[in-house]
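One-letter residues, chain by chain:
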Amino acid sequence: MSDKETKYYKLVEKRKNYKFKELKNPSDILDGIYDNEISINPWSLWQNNLDAKIMLIGQDWGDENYYIKNKGRDSDDNPTNLNLIELFKVLKIDIGTPNNPCKSYPLFFTNAIQGIKENGMSSKVKDSWLKESGEEFLKPLIEIIKPKVIVTLGAKTLKAINYIYPINSNKTLSSIQKINPIRVNEMNLFAFYHCGGLGLANRPLSEQKRDWTMIKEYL
């Protein structure tokens, strides 16, 4: 096992045993029957290359009911996932679907928040959750993988990055679109709008596709 793998699986073990202040750990939901030994986050089951050139960071993975309904995996027909498939096509990368992944390109998917919320898919996300998961898991994960490109989805995810790499705390997501990418410890950070329903209301998918074309020259 490589040094990178050793560090990663230790981080997964830490997450499995961690007691979140206000969130559920996947290892605690139904006695952990849908959790596993290889994923820091349920989204990581889709793309989990530790030598990833692109690391995609979403906000959170939905709520406990969604987790149980889908047996710890994401849904192939989730609108966010369908739009992600289209956005990666802009880069000529086929990511498959959550339940039938295509791993032809080195990618890693995770969320800023590692715990599972309990009060509905669209329930309010607390900044304290971002800070907790960012310090405990997201920063160590980024430093293990060291991707060429980090892509964040949405304002909350960008805020999570600001907690661990205070680089643009005074800038809004809309203003950052004009200065992407931002250098973070020799990595290129692209802060994009979320490609779910609320994100599309602020920036349509056609415009988001144009945003994503900027990544090409940094791969």
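Throughout what follows, the structure given in this document is the object of discussion. Fair warning: this is a prediction, and the values are worked out from it, not measured in the lab.

## Considering a nonpolar patch on the surface
On the surface, a nonpolar cluster with roughly 330 Å² of combined accessible area is contributed by Met1, Tyr9 and Ile38. The residue Ile38 is located in the loop between helix H1 (3-17) and strand E1 (54-58) in this model.

## Observations regarding the sheet that holds E1
If you walk across this open sheet you meet the 5 strands as E4-E1-E5-E7-E6, and the pairing is mixed. The open sheet terminates on both sides in strands that have one partner only, identified here as strand E4 (107-111) and strand E6 (182-184). Put simply, the sheet's adjacent strands are angled 25° from each other on average, direction ignored. Bridge analysis of E1 against E4 gives 5 bridges, and the strand direction is parallel. Following the sheet pairing, Met55 is matched in E4 by Phe108. The strands touched by helix H4 (residues 127-145) are E1, E4, strand E5 (149-153) and strand E7 (187-192); relative to E1, the strand with the most contacts, the crossing angle is about 165°.

## Here we look at H4
Approximately 55° is the largest bend angle found in H4, and it occurs at Gly134. Its buried side turned inward, H4 meets H1, E1, E4, E5, helix H5 (155-164) and E7. Two residues or fewer after H4 comes Lys146, characterised by a positive phi angle close to 50°.

## Re empty space enclosed by the protein
If a probe as big as a water molecule is rolled over the atoms, it shows which places are left empty. What the rule picks out here adds up to 1 cavity of 30 Å³ or more. Size it by volume and the largest cavity reaches roughly 40 Å³. Residue lining of the largest cavity: Arg15, Pro26, Tyr34, Asp35, Asn36, Ser39, Ile40, Asn41, Pro42, Leu45, Tyr67 and Gly72, and that is the complete set. Here the residues of the lining of the largest cavity are counted per class, giving 6 nonpolar, 4 polar and 2 charged.

## Details of the packing of helix H3 (residues 79-90) against helix H8 (residues 205-212)
At a closest axis distance of 8 Å, the pairing of H3 and H8 adopts a crossing angle of 40°. By the angle between their directions, the pair H3 and H8 is classed as oblique. H3 and H8 meet at a crossing whose hand is right-handed. Counted together, Asn83, Leu84, Glu86, Leu87, Phe88 and Val90 of H3 and Leu205, Gln208, Lys209 and Trp212 of H8 form the full contact between these two elements. Class assignment of the residues belonging to the contact of H3 with H8 gives a composition of 6 nonpolar, 2 polar and 2 charged.

Cut-offs applied
Residues numbered from 1 in each chain as written. Predicted model: local features only at pLDDT ≥ 70, side-chain atom pairs only at ≥ 80, totals over all residues. Heavy atoms only, no water. Patch = residues over 30% accessible without salt bridge, like charges linked within 9 Å, V, L, I, M, F, W, Y side chains within 5 Å. Areas by Shrake-Rupley, 256 points an atom, 1.4 Å probe, with all protein chains shown as cover. Salt bridge = Lys/Arg side-chain N within 4 Å of Asp/Glu carboxyl O. Helix = DSSP H or I, 4+ residues; strand = E, 2+ residues; numbered from the N terminus. Pairing = 2+ DSSP bridges. Axes fitted to C-alpha atoms, helices over the stretch in contact; angles between N-to-C directions. Contact = heavy atoms within 4.5 Å. Bend = angle between axes of the 7 residues up to and from the residue. 1 Å grid on protein atoms, 1.4 Å probe; cavity = no way out; pocket = protein on both sides within 12 Å on 5 of 7 lines; lining within 4 Å. Points joined across faces, edges and corners; volume = space filled by probe spheres on them. Nonpolar A, V, L, I, M, F, W, Y, C, P; charged D, E, K, R; others polar. Parallel < 35°, antiparallel > 145°, perpendicular 65-115°, else oblique. Left-handed = near helix turned anticlockwise from the far one by under 90°.

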